[in-house]
Amino acid sequence: MPNPVDPPQPPGGSQPPGDPQISAAADRARAELHAEIERVRRGVEQMLDEQSAPVDVDLRRELDAMQEDLRRYVKTRVRKSQKRTDRSIRKLETRTAALEHRLDGLDAERRLSEYRIHSETERMLDGLLQEVRAIADRLEGRPPAP
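These numbers come from a predicted model, not from an experiment.

(A) Broad picture of the overall build of the protein. Secondary structure summary: the protein contains two helices and zero strands in total. Going through the 146 residues of the protein one by one, you find that 11% of them count as buried. In the protein, the proportion of contacts linking residues at least 24 apart, taken out of those at least 6 apart, comes to 45%. For the protein, the accessible surface area stands at approximately 12,400 Å², while carbon and sulfur atoms represent 58% of it.

So this is what it looks like as structure tokens:
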């Protein structure tokens, strides 16, 4: 039976850790497990009550021990799952920050390029205007402007 906390990745595509579908499936599986264990425990207690026999102390201790083991197991699994989720979130936040920094750099580079293109175009047009004026002055027979 696959582990609901870390299900196998589908072939040909990977789901990121902390995927909401996986987390929801793990939560449902955990809830079903809790419900089933609690149902069995209640069933055992009910059977003992129905027998109208005093509850065997050893059996009661064993049931209590099983319940405590279950609590520790669930607590450990939840803690591990939470650590895995937190680690995934930290990685995503780091990647997001790096991408934002890269985008800021690209935006600054774009603005600088636009400024350079504008400046170069302006200089080129000024040069062309001077050449056109010089040509017009020659055609009119005026001396070239300094």
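(B) Quick peek at the pattern of salt bridges. A complete count under the given rule lists 17 salt bridges for this structure. Of the charged contacts in the structure, one is a salt bridge between Glu68 and Arg71, with a shortest N-O distance of 3.1 Å. Taken together, the positions of Glu68 and Arg71, both in helix H2 (residues 57-140) and three residues apart, correspond to about one turn of that helix. Given a relative accessible area of 48%, Arg71 falls into the partly exposed group. Across the pair Arg110 and Asp107 runs a salt bridge, and its minimum N-O distance is 2.6 Å. Here the residue Arg110 and the residue Asp107 both occupy positions in helix H2, the gap between them amounting to three residues, near one helical turn. For Arg110, a relative accessible area of 41% puts it in the partly exposed group. Here Asp107 falls in the partly exposed class, since its relative accessible area comes to 29%. One network of salt bridges, with partners in common, ties together Glu38, Arg41, Arg42, Glu45, Arg60 and Asp64.

(C) Molecular detail of a nonpolar patch on the surface. A cluster of nonpolar side chains, namely Met124, Leu125 and Leu128, defines an oily patch on the protein surface of about 290 Å² accessible area. Residue placement: Met124 occurs in helix H2.

(D) Main features of a positive patch on the surface. On the surface, Lys75, Arg79, Lys80, Lys83, Arg87, Arg90 and Lys91 cluster together to form a positively charged patch. Structurally, the position occupied by Lys80 is in helix H2.

(E) H2, seen in detail. Here H2 is 84 residues long and its end C-alpha atoms lie 122 Å apart, about the 124 Å a rise of 1.5 Å per residue gives. Looking only at H2, the buried set comprises Leu63, Leu70, Val74, Arg77, Ser81, Ser88, Ser119 and Asp137. Against helix H1 (20-50) lie the buried residues of H2. Following H2 by one or two positions, Gly141 has its phi on the positive side, about 80°.

(F) Molecular detail of H1. Here H1 contains 31 residues, and its C-alpha end-to-end distance of 44 Å stays within 8% of the 45 Å for a straight helix at 1.5 Å per residue. By the burial criterion, the buried members of H1 are Ile22, Ala26, Arg30, Arg41, Glu45 and Leu48. Turning to H1, the residues buried within the fold contact H2.

Thresholds, definitions, all that
- Residues numbered from 1 in each chain as written.
- Predicted model: local features only at pLDDT ≥ 70, side-chain atom pairs only at ≥ 80, totals over all residues.
- Heavy atoms only, no water.
- Helix = DSSP H or I, 4+ residues; strand = E, 2+ residues; numbered from the N terminus.
- Buried < 20%, exposed > 50% of the residue type's maximum accessible area, 1.4 Å probe, protein only.
- Contact = heavy atoms within 4.5 Å.
- Areas by Shrake-Rupley, 256 points an atom, 1.4 Å probe, with all protein chains shown as cover.
- Salt bridge = Lys/Arg side-chain N within 4 Å of Asp/Glu carboxyl O.
- Patch = residues over 30% accessible without salt bridge, like charges linked within 9 Å, V, L, I, M, F, W, Y side chains within 5 Å.
- Lys, Arg positive; Asp, Glu negative; His and termini not counted.
- Charge placed at Lys NZ, Arg CZ, Asp CG, Glu CD.
- Expected span 1.5 Å × (residues − 1).

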